[in-house]
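One-letter residues, chain by chain:
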Amino acid sequence: ANLQTIAAPFFAYETAPNSPEPPCAWMWPDDPYIERDSMKMGIICCNYKIVVCVQAGDNEAGLNQLDSYLVSSGEKSVWAAIESDKRAPQGALNGAADDVSVVEVKRFDGNYILGGNSYYAAEFSVMALCRG
């Protein structure tokens, strides 16, 4: 839901699409998905990857478009969308977590392959914390 707030055109998929319509994003559980040690303290730490994908066409234009989603603020910022409600009264991610943070971002310049097509993409590593 947070990714749907990014300025259009931008598609937010629930799972990895076979034929994405870039620019777009989707998420899946990271490894480790749940950190067992945190559970001993009454906190559940869930790790996710969010992939942001743009067309790989023109090198400079494609990389500039990808970079516009990687900045930490602004209407196209995936980072800002992920963390947008972390201080909301109901909790982060519309109440699904107590806190959420982007841990790191990795870029894949033209070598991210999906459905036989090559894209410029980035992976956001995201950590969500919930009380158990």
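Residues numbered from 1 in each chain as written. Predicted model: local features only at pLDDT ≥ 70, side-chain atom pairs only at ≥ 80, totals over all residues. Heavy atoms only, no water.

A. Molecular detail of the nonpolar core. Counting residues in hydrophobic clusters, the biggest one holds 26 residues, and the most contacted among them are L3, V52, V78, I82 and F124. When residues of this core are traced back to their parent elements, those giving at least two are β3 (43-55), α2 (59-70), α3 (78-83), β4 (99-114) and β5 (117-131). Counting residues per element, this core draws most heavily on β5, at 6 residues. Contact partners of V52, with chain neighbours within four places excluded, come to F10, C24, A25, L66, Y69, V78, Y120, A121, A122 and F124. Counting 8 residues, the second-largest nonpolar core is a separate cluster that includes C24, C53, L114 and Y119. (Core = buried A, V, L, I, M, F, W, Y, C linked by side-chain atoms within 4.5 Å. Buried < 20%, exposed > 50% of the residue type's maximum accessible area, 1.4 Å probe, protein only. Helix = DSSP H or I, 4+ residues; strand = E, 2+ residues; numbered from the N terminus. Contact = heavy atoms within 4.5 Å.)

B. The packing of aromatic side chains, seen in detail. All told, the structure shown has 2 aromatic pairs when counted by the stated rule. With a centroid separation of 5.0 Å and an interplanar angle of 40°, the aromatic rings of F10 and Y69 are classed as tilted. In this pair, F10 sits in the segment before β1 (11-12) while Y69 sits in helix α2, placing the two residues 59 residues apart along the sequence. No difference in accessibility class separates F10 from Y69, as the two residues are buried. Taking 5.6 Å as the distance between ring centres and 80° as the angle between the ring planes, the aromatic pair formed by Y33 and Y48 counts as edge-to-face. Note that Y33 is positioned in strand β2 (residues 24-34) and Y48 in strand β3, a separation of 15 residues in sequence. Using a relative accessible area of 34% as the deciding quantity, one classes Y33 as partly exposed. (Phe/Tyr/Trp six-rings, centres within 6.5 Å; stacked < 30°, edge-to-face > 60°.)

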